[in-house]
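Residue-level listing of the chains:
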Amino acid sequence: MKYLGITPSKPRIAVFDFTCCEGCELQLAIKEETLADFLKALEIVNFRESSSEASDEYDIALVEGAISRPDEVERLLHIRQQAKLLVAYGSCACFGGVNKLKNAHDLGEANMEVYGDHPKDTLPVRSLKEILPVDLEIPGCPVNKSEVERIVQHLIWDVPFQFPVYPVCFECKQNFSVCMYDRGHLCLGPVTRGGCNAPCPAGGLGCWGCRGPAADPNFDEFLNVAKSKGFSTDEINERLSFFGGFEVRA
Ligand code: SF4
Ligand code: SF4
Ligand code: SF4
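All values derive from a computational prediction rather than experimental measurement.

Focus on the site of ligand 1
Around ligand 1, the neighbouring residues are Cys20, Cys21, Glu22, Gly23, Cys24, Glu64, Ser91, Cys92, Gly140, Cys141 and Pro142. Those elements that place two or more of their residues in the shell around ligand 1 are helix 1 (23-26) and helix 4 (91-95). Here the residues of the shell around ligand 1 sort into six nonpolar, three polar and two charged.

Next comes the structure, spelled out in structure tokens:
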């Protein structure tokens, strides 16, 4: 079927998970109002959460999770060889995610404490791009299904996708949410990339920065606001480090 003279592709997609909670891949199987059309547009050939079929023949690899074990590095390299397009899917894959908090601890001691006499072969947590080239990053903890749908449409029609450059505050104000600073909470919305539709402030929680930094954020002004509202350097830095997406610190 052609549309405007263009024949859309039906990419073969494989979904893989590494160190993570698998919440991002679950997003592929939700949102019932568009799920049937979404799945019709793709050929999913490898998706452990929903099918026992597994093929090594695919165009796009959606890779979820961070890398924290030697065998994961080997598996990721194999996927990279197979895939025409490798997508870091979710904040664990893009930045290391909450898993990266582990790197602040002594890995040997932590291993002993959790696994006792049966320690695991473990490594400091890394994002995918710290190991090999990644073609596209879709941030979020979890990813936003509506955004994933739009990205898939762009892939099918071979049109580049542009992520929002504005911060979460932009969408928060569109939602008419009361600012969390006026409710006494810390919020990373001024420096975090929008596109999630600001669900956390809408639900009474300050943004934790799961989508990583906005394009060209005004970090100095964010610090001025956060400090003027009484938040300490430690509190701000703890928040900035939570998902691994921010390099800057207060
Ligand atoms: S980004 Fe969040 S929801 Fe997605 S796999 Fe990691 S921890 Fe789970
Ligand atoms: S609640 Fe957060 S995201 Fe919303 S306007 Fe205030 S600082 Fe920005
Ligand atoms: S408001 Fe912040 S923490 Fe919440 S989903 Fe959006 S980017 Fe993530």
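Back to the write-up after that little detour.
Digging into the site of ligand 3
Around ligand 3 sit Val168, Thr192, Cys196, Pro199, Cys200, Pro201, Cys207, Trp208, Gly209, Cys210 and Arg211, and that is every residue in its neighbourhood. The greatest single-element share of the shell around ligand 3, amounting to three residues, is contributed by helix 8 (residues 199-202). Here the residues of the shell around ligand 3 sort into eight nonpolar, two polar and one charged.

What to know about the pairing of strand 3 (residues 60-64)
Burial runs high along strand 3: five of the five residues are buried. Side chains Ile60, Leu62 and Glu64 of strand 3 all project onto a buried face; the interleaved residues Ala61 and Val63 project onto the opposite face, where all are buried too. Inspection of the sheet shows strand 1 (residues 12-17) paired to strand 3 by five bridges, in the parallel sense. Following the sheet pairing, Ala14 is matched in strand 3 by Ala61. Taken together, the four bridges between strand 3 and strand 4 (residues 85-89) define a ladder with parallel strand orientation. In the strand pairing of strand 4, Leu62 is matched with Val87. Once you follow strand 3 into helix 3 (residues 70-82) and on to strand 4, the crossover reads as right-handed.

Quick word on the side chain of Glu25
Here Glu25 lies in helix 1. The buried charged residue Glu25 lacks any salt bridge partner; its closest oppositely charged side chain belongs to Arg48, at an N-O distance of 4.7 Å. Leaving out residues up to four positions away in the same chain, Glu25 has contacts with Val15, Asp17, Phe47, Glu49, Glu64 and Tyr89.

Focus on the sheet that holds strand 4
The parallel open sheet is built from five strands, whose spatial order is 2-1-3-4-5. Looking along the sheet, the strands with just one partner apiece sit at the ends: strand 2 (43-47) and strand 5 (136-138). Neighbour to neighbour, the strand axes of the sheet diverge by 25 degrees on average, direction disregarded.

Some thoughts on the pattern of salt bridges
One pass over the structure, following the stated rule, counts 12 salt bridges. Notably, a salt bridge pairs Lys31 with Glu149, separated by 2.9 Å at the nearest N-O pair. Within this pair, whereas Lys31 is found in the loop between helix 1 and helix 2 (32-40), its partner Glu149 is found in helix 6 (residues 145-156), the two being separated by 118 residues in sequence. Put simply, Lys129 and Glu137 hold a salt bridge, and the shortest N to O gap is 2.8 Å. Residue Lys129 is classed as partly exposed on the basis of its relative accessible area, which comes to 44%. The class of Glu137 is partly exposed, set by a relative accessible area of 24%. Because the salt bridges share partners, they merge into one network encompassing Asp17, Glu22 and Arg48.

Structural notes on unusual backbone geometry
The step from Cys141 to Pro142 runs through a cis peptide bond, and the omega angle for that step is 0 degrees. With a phi close to 55 degrees, Asp158 is a non-glycine residue in the positive phi region. Summarising the element assignment, Asp158 is placed in the loop between helix 6 and helix 7 (168-174). Given a relative accessible area of 70%, Asp158 falls into the exposed group. Phi is positive for Phe176, which is not a glycine, with a value near 60 degrees.

A word on the environment of Thr233
By the element assignment, Thr233 lies in helix 10 (residues 233-241). You can call Thr233 partly exposed: its relative accessible area is 32%. For the pair Thr233 and Thr192, spaced 41 residues apart in the sequence, the C-alpha separation amounts to 18 Å.

Digging into helix 6
Compared with the 16 Å implied by 1.5 Å per residue over 12 residues, the 16 Å span of helix 6 between its first and last C-alpha is a close match. Those residues of helix 6 that are buried are in contact with helix 2, strand 4 and strand 5. Positive backbone phi, at 55 degrees, marks Asp158, one or two positions downstream of helix 6.

Describing the packing of helix 9 (residues 219-228) against helix 10
How two helices pack is summed up by the angle between their axes together with the distance between the axes. In the contact formed by helix 9 and helix 10, the axes pass within 10 Å of each other and the chain directions differ by 130 degrees. As judged from the angle between their axes, helix 9 and helix 10 are oblique. Here the hand of the crossing between helix 9 and helix 10 comes out right-handed. Along its contact with helix 9, which presents Phe219, Phe222, Leu223, Ala226 and Lys227, the element helix 10 presents Thr233, Ile236 and Leu240.

Rules behind the numbers
Residues numbered from 1 in each chain as written. Chains lettered and ligands numbered in written order. Predicted model: local features only at pLDDT ≥ 70, side-chain atom pairs only at ≥ 80, totals over all residues. Heavy atoms only, no water. Near = heavy atom within 4 Å. Helix = DSSP H or I, 4+ residues; strand = E, 2+ residues; numbered from the N terminus. Nonpolar A, V, L, I, M, F, W, Y, C, P; charged D, E, K, R; others polar. Buried < 20%, exposed > 50% of the residue type's maximum accessible area, 1.4 Å probe, protein only. Pairing = 2+ DSSP bridges. Right-handed = clockwise from strand over helix to strand, strands pointing away. Lys, Arg positive; Asp, Glu negative; His and termini not counted. Salt bridge = Lys/Arg side-chain N within 4 Å of Asp/Glu carboxyl O. Contact = heavy atoms within 4.5 Å. Axes fitted to C-alpha atoms, helices over the stretch in contact; angles between N-to-C directions. Expected span 1.5 Å × (residues − 1). Parallel < 35°, antiparallel > 145°, perpendicular 65-115°, else oblique. Left-handed = near helix turned anticlockwise from the far one by under 90°.

Honestly, that's just the spatial picture; any functional story needs more than this.
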